[in-house]
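Observations on the model geometry
What follows is the residue order along each chain.
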Amino acid sequence: PVMPGPSYHKYDVRDYLAVDERYGTLDDMKALTAACHELGIRLIIDLPVNHTSTRHPWFLAAVEALKAGRTDDPAINYYNFSRDAGQNHVQVIGTDWYYEEQFAGGHMPDLNLDSEAVRDEIRRIMSFWLLDCGVDGFRLDAVTSFYTGNDAKNIEFLRFLKTEAEALKPGSFLVGECWKGLGQIAEYYQSGIDSFFLFPASQAEGYIAASMRARRPAETYVKNLKRVSDALGDSLLTPFLSNHDTGRTVGLVQGRQAPDRVKFAHALIALMGGYTFTYYGEEIGMAGAGADPNKRLGMLWNEDEVTDPPPGATSLEYPYPGVKAQLEDPLSILNYLKKLNHQKTAMPAIALGTLAFGPTDTDTCVVIRQYQGETLYIAVNFSAKETRDVRLEGRMALLDQLDTGSAPSSAFSQGTDTLVTLQPYGIAYLKESE
């Protein structure tokens, strides 16, 4: 979040209608949004409405009322207060009252999201950011914790957020953090929210890392793609490899001395379809695991230009060079991801096409995407060291390739078929010849 908060991470919001001074000013934020729009970029921001800081004026007013014995004060209804000292409850010092706090120890009291007054405040907050500041949507934090343990109420509240955002600014994009399996994520799509992060594909045990280390990697990857398709159907996906709460990709795929593995993992998550989210620093192969601050290290721009680390960081490891050096290296992780993103723009079927499959064996597979009447064939080699050939029926034209090294993958027509030669970790994009 960019809003002011006592912690370094800012999920303990103190003022929903401001920008933390460490990041700049509201004018800076508006200038950023305007600059993004000039470049055709839509900007979304993190919106944590599960809870506030204990220093938020709403909470301070509620505590003051409790201490004064004004139990009918409207401010008290903004939070979940009780005299029950049960689990996830914290005592209000100087009273016999407790407040609910699902994120224990964070000084983040849960909001009473059943309160119409609170919902009115949330409407006002969304209006401020969407209309006054010009942002284009929100990342919704911890959506299963709006009403902990109650999926039905969580889904209803998400429906409220989507309805209000759409009324304020049609086309607003909302993506939710639903840290659950495919079945529960599928249920949450019933809320109408645009998308939910595809957690089963991320992290060390997720679909990408598991496919890369499997004995039959291509077949495993296809099986996982089918699993997602069967569970989520035509839902818009937002796959990712790592985020601010998880270990970074370099660690997930044992890539500290193997940049090709890091590159290939990013390609595989993009080929799952949807809007890929890339956590900052992943595009240069930053490392980080363990305590949260270690996963949120400052960006390495150059050898002598590094953003300060957050408080509590215990490891300042940077396995690969910074942004400046990688921009100048045609084989860098950064330039690989840039090419991948340009390919997704040039060939929207990669992200938005319906899914089918061509020939698949131990090390190779062909993913087929159809979009707006065009069919895209994506041939993938999962072997880290060996070139592999894939034969496709029909005469195909090679549109582009994505290779981790300097040797390019290629395709040649042989009679009525096409032979695709894939370099190690190579990917080729093809379409039927006219």
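In this report, we go over the structure that sits alongside the text. (Residues numbered from 1 in each chain as written. Predicted model: local features only at pLDDT ≥ 70, side-chain atom pairs only at ≥ 80, totals over all residues. Heavy atoms only, no water.)

So, on to the pattern of salt bridges. Scanning the model with the defined rule gives 24 salt bridges in all. In this structure, the salt-bridge partner of Asp 245 is Arg 296, at a minimum N-O distance of 3.0 Å. Of the two residues, Asp 245 sits in the loop between strand 8 (237-238) and helix 8 (249-252) while Arg 296 sits in the loop between helix 9 (259-270) and strand 9 (300-302), which places them 51 residues apart along the sequence. Taking the relative accessible area as the measure of exposure, Asp 245 reaches 21% and is therefore partly exposed. For Arg 248, the salt bridge is made with Glu 282, and the minimal N-O distance between the two is 3.1 Å. Of the two residues, Arg 248 sits in the loop between strand 8 and helix 8 while Glu 282 sits in the loop between helix 9 and strand 9, which places them 34 residues apart along the sequence. (Salt bridge = Lys/Arg side-chain N within 4 Å of Asp/Glu carboxyl O. Helix = DSSP H or I, 4+ residues; strand = E, 2+ residues; numbered from the N terminus. Buried < 20%, exposed > 50% of the residue type's maximum accessible area, 1.4 Å probe, protein only.)

Spatial ordering of the open sheet is given by 1-5-6-7-8, a layout of five strands whose pairing is parallel. Strands with a single pairing partner mark the edges of an open sheet, and in this sheet they are strand 1 (45-47) and strand 8. Examined bridge by bridge, strand 5 (residues 137-140) and strand 6 (residues 173-176) share four bridges and lie parallel to one another. The residue bridging Phe 138 from the neighbouring strand is Leu 174, located in strand 6. Sitting on the sheet, helix 3 (residues 116-132) touches strand 1 and strand 5, and the angle it makes with strand 5 is about 130°. With respect to the sheet, helix 4 (residues 151-168) is in contact with strand 5, strand 6 and strand 7 (195-197), its orientation differing from that of strand 6 by roughly 160°. (Pairing = 2+ DSSP bridges. Contact = heavy atoms within 4.5 Å. Axes fitted to C-alpha atoms, helices over the stretch in contact; angles between N-to-C directions.)

Turning our attention to helix 9. The end-to-end C-alpha distance of helix 9, which contains 12 residues, comes to 17 Å, matching closely the 16 Å that a straight helix rising 1.5 Å per residue would cover. Most of helix 9 sits out of view: 10 of its 12 residues are buried. Buried within helix 9 we find Arg 261, Val 262, Lys 263, Phe 264, Ala 265, His 266, Ala 267, Leu 268, Ile 269 and Ala 270. (Expected span 1.5 Å × (residues − 1).)

Further remarks concern the side chain of His 51. Note on placement: His 51 falls in the loop between strand 1 and helix 2 (57-67). A residue is classified by how much of its surface remains accessible, and His 51, at 1% relative accessible area, is buried. Beyond its immediate stretch of four places on either side in the chain, His 51 contacts Tyr 11, Tyr 16, Phe 103, Met 108, Pro 109, Asp 110 and Leu 111.

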